[in-house]
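Residue strings, one per chain:
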Amino acid sequence: MELADQVAVVTGSARGIGKTIAMILAEAGANIVISDLNVEAGKETVEVIKAMGREAIWVEADVSKSDQANLLIETTQEKFGRLDILVNNAGITRDNLLMRMSEDEWDSVIAVNLKGTYNCIRAATKIFMKQRTGRIINIASVVGQMGNAGQANYASSKAGVIGLTKSVAKELAARDILVNAVAPGFIETAMTEKIPEKAREALLQLIPLAKLGQPEDVAKVVLFLSSSRSSYITGQVINVDGGMVM
Ligand code: NAP
């Protein structure tokens, strides 16, 4: 198994893309730290991973709070004595046109999506530096590359995640710590369920493969970036978007 005995932290893994990433990494042999705000769903995901024959623990953590991100990584180190893979997946949307967007809508999206990624990377890097190995995979979005009306906050946060990925990749390369991003297009989860039918039809026109993606499509690329198959890849953004951005 590609990831036998490795330990992965996946943020926002109670449901959606994060849960599927956790399951695919577990299938490849990794033990998993499930972390989220959603306690009930998070604990259910832990049971799903355990039923697959892997070790899994639950840590409730709001990634936007640095003390909680630190605790997440410290708890992982205490339980498993190592950390191999950090997947920064937790993310939110608070859509509105810029002229109507409140300061709170702006701040909350930047706090979770961008600062949350920074908080977890900073906490995990202490361990990765000592180990002289590690993988960081940040979930960005095509919206961070192309922009989207009504999502100035979200697009800025995800563009920030891309800049953060490339900068940290340069800082950590000498220690063999690889840092990459995955930019999903439109993936069928609770996040995209809210999109009205008309907007959904318009979106499909932008996707050459003419269908929405599935969480597995993203998770398979995260597995690749977590494994030895990608050992000469860092600072990259891999789009999983049915050809939206090319
Ligand atoms: P989702 O179904 O809404 O799941 C996101 C998870 O993150 C939820 O369980 C949520 O908990 C959790 N979360 C929210 N704020 C958090 C915080 N402060 N700390 C820790 N966990 C938190 O979303 P998804 O569609 O799976 O998206 C996962 C990632 O992919 C996000 O970064 C998103 O931006 C990105 N993405 C998604 C798409 C798409 O089409 N779905 C496209 C591009 C990028 P609650 O249940 O409590 O909210």
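The structure displayed is predicted, hence computed values, not measured ones.

Rules behind the numbers
Residues numbered from 1 in each chain as written. Predicted model: local features only at pLDDT ≥ 70, side-chain atom pairs only at ≥ 80, totals over all residues. Heavy atoms only, no water. 1 Å grid on protein atoms, 1.4 Å probe; cavity = no way out; pocket = protein on both sides within 12 Å on 5 of 7 lines; lining within 4 Å. Points joined across faces, edges and corners; volume = space filled by probe spheres on them. Helix = DSSP H or I, 4+ residues; strand = E, 2+ residues; numbered from the N terminus. Nonpolar A, V, L, I, M, F, W, Y, C, P; charged D, E, K, R; others polar. Pairing = 2+ DSSP bridges. Axes fitted to C-alpha atoms, helices over the stretch in contact; angles between N-to-C directions. Contact = heavy atoms within 4.5 Å.

1. Description of the layout of surface pockets
Rolled over the atoms, a probe with the dimensions of a water molecule shows which regions are left empty.
Part 1 of the reasoning: Empty space within the largest pocket amounts to approximately 1,200 Å³.
Part 2 of the reasoning: Lining the largest pocket we find 45 residues, and of these Gly91, Ile92, Thr93, Met191 and Lys194 sit closest to its centre.
Part 3 of the reasoning: Those elements that provide at least two residues to the lining of the largest pocket are helix 1 (16-27), strand 2 (31-36), helix 6 (152-172), helix 7 (190-193) and helix 8 (197-205).
Part 4 of the reasoning: Of the residues belonging to the lining of the largest pocket, the class tally is 21 nonpolar, 17 polar and 7 charged.

2. A few points about the sheet that holds strand 1 (residues 7-11)
Part 1 of the reasoning: On the basis of which strands lie adjacent, the open sheet formed by 7 strands has the order 3-2-1-4-5-6-7 and parallel pairing. Each having just a single partner strand, strand 3 (56-60) and strand 7 (237-240) make up the two edges of the open sheet. On average, each strand axis in the sheet is inclined to that of its neighbour by 20 degrees, with strand direction left out of account.
Part 2 of the reasoning: Relative to strand 7, strand 6 (residues 177-184) is paired through 4 bridges, and the arrangement is parallel. Its bridge partner being in strand 7, Ala183 is matched across the sheet by Asn239.
Part 3 of the reasoning: Running at roughly 155 degrees to strand 1, helix 3 (residues 66-80) makes contact with strand 1, strand 2 and strand 3 of the sheet.
Part 4 of the reasoning: Seen against the sheet, helix 4 (residues 103-131) touches strand 1, strand 4 (85-88), strand 5 (134-139) and strand 6 and runs at an angle of roughly 175 degrees to strand 4.

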